[in-house]
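Residue strings, one per chain:
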Amino acid sequence: MVAKLTLSTKDIVLMGIGAAMYAIFGSATFFIPVGGMNLRPAIAIVTFFGAMYGPIVGFVVGALGNLLLDFTWGSFWWEWDVGVGIIGLFPGIWWYLRDGQIETSKDLLMVAILGVIGCFVGLFFAGFVDVIIGTPFEIAIYAWALPAAVTDAIFVAILTPIFIQAVNAAKPKLLEEE
């Protein structure tokens, strides 16, 4: 049995909360340069939402959150917004295959692996779109996409499983209070 790809009111609320969290925490490190991009430990928020609530939520949290972050800093790069959305979508694939249950060590490993793959797929998508619209290959790929994908992948591989474990550990306590 696989999870259904439908949206509830809860999912819409989670999209808004996740996008706002990514934009807020992403702004905190926006000014720290890495290659032609910036350091983004907040990217793990995007993969966390994808892993815990599905690929649609993950995609929207990433794309909308990055759009909000763009606007915060006075820019707009739609291809990078879509690329960050792709990062959130990939861990959601495992959520979908596991019927929404991300609990075991295998689940954490698969979410981390898919999150890392998502970093490279999403950011190289954005880089190649930039090449198509006229940015030199060396800049779009070697200065922007590659450094961002590598640093994002490190944060995703380390922080996403930690976030998931923290929420899973809190679930029994939260349910007892209801």
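Residues numbered from 1 in each chain as written. Predicted model: local features only at pLDDT ≥ 70, side-chain atom pairs only at ≥ 80, totals over all residues. Heavy atoms only, no water.

## So, the pattern of salt bridges
- Within the structure shown, the criterion is met by 2 salt bridges.
- Of the charged contacts, one joins R40 and D152 as a salt bridge, the two residues approaching to 2.2 Å between their closest N and O atoms. Placement of the pair is R40 in the loop between β2 (37-38) and α2 (43-53) and D152 in helix α6 (residues 137-177), with a sequence separation of 112 residues.
- Its relative accessible area of 5% is what places R40 among the buried residues.
- The closest approach of N and O atoms between D107 and R98, which form a salt bridge, is 2.7 Å.
- Judged by its relative accessible area of 0%, D107 falls in the buried class.
- Overall, the relative accessible area of 33% leaves R98 in the partly exposed class. (Salt bridge = Lys/Arg side-chain N within 4 Å of Asp/Glu carboxyl O. Helix = DSSP H or I, 4+ residues; strand = E, 2+ residues; numbered from the N terminus. Buried < 20%, exposed > 50% of the residue type's maximum accessible area, 1.4 Å probe, protein only.)

## With respect to unusual backbone geometry
- Not every positive phi belongs to a glycine, and D99 is a case in point at roughly 60 degrees.
- Assignment of secondary structure puts D99 in the loop between α4 (78-97) and α5 (105-132).

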